[in-house]
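# Notes for the structure review
One-letter residues, chain by chain:
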Amino acid sequence: MSRASDSGRVEVEPWDLLVVGGGTAGIVAAKTAARLGARAVLVEEHRTGGDCLWTGCVPSKSLLAAADVAAAARDGGRFGIDVGEVRVDLARVMDHVRAAIRHIEPHDSPASIEEVGASVLAGRVRLTGPTSAEARHPDGTSTPLRFRHAVLATGAAPAVPPIPGIEDVDVLTSDTVWDLRADPGRLVVLGGGAIGCELGQGFARLGVAVAVVEGADRLLPAEDPAAAAAVTRALAADGVDVRTGATVERVRPGHRSGDSPGSGVLVLEGGAEVPFDRLLVAVGRRPRTDDLGLDAAGVEVDDRGYVRVDERLSTTNPRIRAAGDLTGHAQLTHVAGSHGSLAASNAVLGLRRTVDPVVPRVTYTQPEVAAVGVGTAGERDELRVVRLPHDDVDRAVAEGRTDGFTALALDGKGRLVGATVVAPRAGEMLAELTAAVRRGDRPRDLGGVIHPYPAWSDGPWNAALLEVRAELEKPLPQRATRALVRTRRWWSDRRA
């Protein structure tokens, strides 16, 4: 669509919404805008689908599914089921991973975006002004773009720390580890956060010799310490060499004849050494904001390179919003999707919706660690924590998986403000708890809902009932209920 200016020069009509980046946030933003009737264009440099489809959620959970099967087969003896030696063909495991990607890929394809009315261009975008940009295409051509509003959704990439010597090693990241087709030998995972723990345990269960090296004093340093301890025990049981409180001073590349470019030694503070055949770096992610022309558009970033946004995802340029991993918010696919919808609807409808502060998160180890809201590490002012060990959950007993717990954080008014669940299906239980936190429910609200039995959801339910019973056993409620019982007894006797 175009129009002629007074000078006779043809000008392309501005897009209602320009979306830069074709990951989860970008795809949701483009589809949302198109469904609302706006003229939207999405520009992606490589392939739509983003990290979640190609290198994150889908491949990692596919790998973990295979790892769980291998672990269950080895563990069958305790249930009276012997299966013999478990042999893993990593190439076939990776075939399963790729099959899962292929199955899901059409949902994130350019065709699926165009089907709802948005346009898709292949290229790299550089902003040239507050409401203008240029898309550089793979064939060397470029297209000028003018827009009324834009959403930046270029995501983040794995970060490699500036450790002396690491540049001389062919390191793996969560982007490149999927190229493995055979046992890599000694695999050292640098970083004990969610990604490091998931991949470390997954490869260990597939028969790979794994060590996880973490600089903090425990794995999963952002989670409840009891949850981190449960995951540490699980990884150790799967054969992982867990090294916490381990500061890496330098990396010494392999020098022996026949060593691969990926081999070497981690030299730790104090002189300890951890040799590896491949090094997987999982210490965090950095925003993809380089070479976007942010200065020309008046978009500011913070000292870490994340785009500055307010609670409505507006940048320092009111015509431009940002969504997903490059905002500095939690780098989770469901957050990116929520951001994309919010940023697009705010832009094309002029709404003033704000980001949801209640964000669930799950680490997909076995057991899983699922958490939402205020941390459950310990009681603080105006905060109480109710804990239920899962040896009191009948489903956990039946499956022999009692090394877990549910913790509920309650504020001074008795409202649920946070939760942590450690269990094989903890992530499946978290939606109910997230809704409860968002509504400000009290334990009696959760405890008053009939739950199926026996189920893993008995953990949160029974934890809520613990608190309900504790409240009823306080002196004032106890006196009141006993008085009601006496009154009821008198009334019943009189009626008789």
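The structure this text deals with has already been given above.
Notes on the structure follow. Keep in mind it's a predicted model, so treat the numbers as computed, not measured.

## Focus on the overall build of the protein chain
Along the backbone of the protein chain there are 14 helices and 23 strands. Across its three principal directions, the C-alpha atoms of the protein chain cover 100 × 70 × 40 Å. Counting every position in the protein chain, which comprises 496 residues, the buried fraction comes to 48%. Accessible area for the protein chain stands at about 23,900 Å²; split by element, carbon and sulfur atoms hold 51% of it. Averaging the positions of the 60 positive and the 66 negative side-chain charges in the protein chain gives two centres separated by 7 Å.

## Observations concerning the packing of aromatic side chains
Applying the stated criterion across every chain, the model contains 0 aromatic pairs. If you follow R39 out to its NZ or CZ, it ends over the ring of W15, 4.3 Å from the centre. The ring centre of W54 lies 4.0 Å from the NZ or CZ of R47, which sits over that ring.

## Details of the sheet that holds strand β13 (residues 248-253)
Pairing within the open sheet is antiparallel, and its 3 strands lie in the order β13-β14-β15. If you trace the sheet from one side to the other, it starts and ends with β13 and β15 (273-276), each paired once. Mean inter-strand twist for the sheet, computed between neighbouring axes without regard to direction, equals 20 degrees. Pairing of β13 with strand β14 (residues 264-268), which is carried by 5 bridges, proceeds in the antiparallel orientation.

## Looking at the environment of D411
The residue D411 is located in strand β22 (residues 405-411) in this model. Sequence spacing of D411 and L465 is 54 residues, and the spatial spacing of their C-alpha atoms is 17 Å. Each residue touching D411, except ones within four places of it in the same chain, is listed here: E382, L383 and V417. Within polar-contact distance, the side chain of D411 engages the backbone nitrogen of R415 at 2.8 Å.

## Notes on a nonpolar patch on the surface
A cluster of nonpolar side chains, contributed by L36, L349 and L351, occupies part of the molecular surface with about 250 Å² of accessible area. Examined against the element boundaries, L349 turns out to sit in helix α9 (residues 333-349). Assessed through its relative accessible area of 47%, L349 is described here as partly exposed.

## Let's talk about the sheet that holds strand β21 (residues 383-389)
Here we have 5 strands laid out as an open sheet, ordered β19-β20-β23-β22-β21, and antiparallel in their pairing. Edge positions in the sheet fall to β19 (361-363) and β21, since each has one partner strand and no second. Pairs of neighbouring strands in the sheet enclose a mean axial angle of 10 degrees, with direction left out of account. Inspection of the sheet shows β19 paired to strand β20 (residues 368-373) by 3 bridges, in the antiparallel sense. By the bridge assignment, T363 is partnered in β20 with V369. Contacting β20, β21, β22 and β23 (416-423), helix α7 (residues 225-237) runs over the sheet at an angle of about 10 degrees to β23. Contacts from helix α13 (residues 458-472) reach β21, β22 and β23, with the element oriented near 125 degrees to β21.

## Things to note about the nonpolar core
Core analysis: the biggest nonpolar cluster contains 41 residues, and L63, V177, L187, F203 and V210 have the highest contact counts within it. Elements represented by at least two residues in this core include exactly α2 (50-54), α3 (57-74), α4 (90-104), β10 (186-190), α6 (194-205), β11 (209-213), α7 and β22. Per element, the largest residue contribution to this core is 6 residues, and it comes from α4. Sequence-distant contacts of L187, defined by excluding residues within four places in its chain, comprise L172, F203, V208, A209, V210, A211, R278 and L280.

## Focus on empty space enclosed by the protein
A complete count under the given rule lists 1 cavity of 30 Å³ or more for this structure. Considered as a void within the structure, the largest cavity measures approximately 40 Å³ in volume. Lining of the largest cavity is provided by P158, A159, S174, I195, V281, A282, G284 and R285. Partitioned by chemical class, the residues of the lining of the largest cavity number 5 nonpolar, 2 polar and 1 charged.

## A closer look at the pattern of salt bridges
Scanning the model with the defined rule gives 31 salt bridges in all. With its nearest N and O atoms 2.8 Å apart, the salt bridge here joins E45 to R124. With E45 in the loop between β4 (40-44) and α2 and R124 in strand β6 (residues 124-129), this pair connects stretches of sequence that are 79 residues apart. A relative accessible area of 35% means that E45 is categorised as partly exposed. Between E300 and R308 there is a salt bridge; the shortest N-O distance is 3.9 Å. Owing to a relative accessible area of 42%, R308 belongs among the partly exposed residues under this scheme. Three or more residues are tied together by salt bridges with common partners; here these are E45, R124, R126, E134, R136 and D291.

## Focus: unusual backbone geometry
It is generally the case that most residues other than glycine have a negative phi and that most peptide bonds are trans. In this model, Q366 is joined to P367 through a cis peptide bond whose omega is 5 degrees. Of note, the bond from Y453 into P454 is cis; its omega dihedral lies within 30 degrees of zero at -10 degrees. Mapping P454 onto the fold places it in the loop between α12 (443-447) and α13. In this structure, E382 takes a positive phi of about 60 degrees despite not being glycine. One can find E382 in the loop between β20 and β21. For E382, a relative accessible area of 61% puts it in the exposed group.

## Some words on the layout of surface pockets
Volume-wise, the second largest pocket comes out at about 740 Å³. Taken together, 26 residues line the second largest pocket, and the ones lying closest to its centre are D75, R78, R205, Q366 and R401. Broken down by secondary-structure element, the contributors of at least two residues to the lining of the second largest pocket are α3, α7 and β23. In terms of residue count, the dominant contributor to the lining of the second largest pocket is α3 (4 residues). Classifying every residue of the lining of the second largest pocket gives 11 nonpolar, 5 polar and 10 charged.

What counts and what doesn't
Residues numbered from 1 in each chain as written. Predicted model: local features only at pLDDT ≥ 70, side-chain atom pairs only at ≥ 80, totals over all residues. Heavy atoms only, no water. Helix = DSSP H or I, 4+ residues; strand = E, 2+ residues; numbered from the N terminus. Buried < 20%, exposed > 50% of the residue type's maximum accessible area, 1.4 Å probe, protein only. Areas by Shrake-Rupley, 256 points an atom, 1.4 Å probe, with all protein chains shown as cover. Lys, Arg positive; Asp, Glu negative; His and termini not counted. Charge placed at Lys NZ, Arg CZ, Asp CG, Glu CD. Phe/Tyr/Trp six-rings, centres within 6.5 Å; stacked < 30°, edge-to-face > 60°. Lys NZ or Arg CZ within 6 Å of the ring centre and 35° of its normal. Pairing = 2+ DSSP bridges. Axes fitted to C-alpha atoms, helices over the stretch in contact; angles between N-to-C directions. Contact = heavy atoms within 4.5 Å. Polar contact = N/O pair within 3.5 Å; in protein donor to acceptor, adjacent residues only side chain to side chain. Patch = residues over 30% accessible without salt bridge, like charges linked within 9 Å, V, L, I, M, F, W, Y side chains within 5 Å. Salt bridge = Lys/Arg side-chain N within 4 Å of Asp/Glu carboxyl O. Core = buried A, V, L, I, M, F, W, Y, C linked by side-chain atoms within 4.5 Å. 1 Å grid on protein atoms, 1.4 Å probe; cavity = no way out; pocket = protein on both sides within 12 Å on 5 of 7 lines; lining within 4 Å. Points joined across faces, edges and corners; volume = space filled by probe spheres on them. Nonpolar A, V, L, I, M, F, W, Y, C, P; charged D, E, K, R; others polar.

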